[in-house]
Amino acid sequence: MPRGRYSLHDPHDHTSLGEEHFHCAPGPSGWRYVSQITTPSGDPTGSVDIALDDLGRPIRLELHAGGWQVRGAALDGVTWVRTDPTGTDATEGNVPAHAFTGTSPAFLIATSRLLRLTPGSPATRVRLVAFTDPVLAPRTLDQSWALVNSEAHATDNGPLTVDEYQVSALDTGEQHVVHIAGDVVLAAPGIELESLESPPSVWTS
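Residues numbered from 1 in each chain as written. Predicted model: local features only at pLDDT ≥ 70, side-chain atom pairs only at ≥ 80, totals over all residues. Heavy atoms only, no water.

A.B. asks: How do you make sense of the packing of aromatic side chains when you look at a structure like this?
C.D. replies: How two aromatic rings sit relative to each other is set out by the distance from centre to centre and by the angle between their planes. Inspection of every chain in the model, using the stated rule, returns six aromatic pairs. Site record: aromatic cluster; members linked through ring pairs are Tyr6, Phe22, Trp31 and Tyr33. (Phe/Tyr/Trp six-rings, centres within 6.5 Å; stacked < 30°, edge-to-face > 60°.)

Shown next, in the form of structure tokens:
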């Protein structure tokens, strides 16, 4: 069960946004990721709890940030309920999309698991619903994902395969690179893996 800490920063000016303390693990029916997010000074600001089925689809999502809460799942596309800080006003949403995304590294793992790309294969287009901080406002976006390289690295615990993805935002044309090993993000825009207490989990299928 990988357990560790990511540092989060603004990908443009590198301002520190805090840290995400996480643990994740594959299970009999998929994969689960749970994290607590803190400010640069260590104050709690939110949390992420996401569970995928064995095909990589989000069967449960729960986000907390700034008093706001989102619960969602893959249902007729993706469906969610967003609740305001007072808990008195809840709005429902549904979009014909493939999955969710957001600032947490968990969403990069989830999208790569959903697509299951092979090196050298054509880029794949995916439609996602992003929940943006600080109020978890939903926004539908389209991305293109391509697995450009997959390379095994020797470690004390045996070979570790690192996948390099090129991710493109189809509305702006902006491109960036994401490095993933198993169910851990090694590096991505705005994300750095600072510590890891155990090796990444290896997908068995």
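Here the narrative resumes, following the displayed structure.
A.B. asks: Explain the pairing of strand β5 (residues 58-65) to me, please; I cannot follow it from the model alone.
C.D. replies: Put simply, side chains in a regular strand alternate between the two faces of the sheet. With seven bridges joining them, strand β4 (residues 44-53) and β5 adopt antiparallel strand pairing. By the bridge assignment, Leu52 is partnered in β5 with Pro58. The hairpin turn running from β4 into β5, its antiparallel successor, is four residues long, and Gly56 in that turn takes a positive phi close to 90°. Relative to strand β6 (residues 68-74), β5 is paired through five bridges, and the arrangement is antiparallel. Looking at β6, one finds that His64 is bridged to Gln69. The turn linking β5 back onto β6 is made up of two residues, and Gly66 within it adopts a positive phi angle of 55°. (Pairing = 2+ DSSP bridges. Helix = DSSP H or I, 4+ residues; strand = E, 2+ residues; numbered from the N terminus.)

A.B. asks: Can you walk me through helix α1 (residues 105-115) in this structure?
C.D. replies: Residue pairs three or four apart in sequence face the same way in an α-helix, which turns once every 3.6 residues. Among the eleven residues that make up α1, eleven are buried, leaving the element largely enclosed by the rest of the structure. For α1, the set of buried residues is Pro105, Ala106, Phe107, Leu108, Ile109, Ala110, Thr111, Ser112, Arg113, Leu114 and Leu115. Where α1 terminates, the next one or two residues include Arg116, which has phi positive at roughly 50°. (Buried < 20%, exposed > 50% of the residue type's maximum accessible area, 1.4 Å probe, protein only.)

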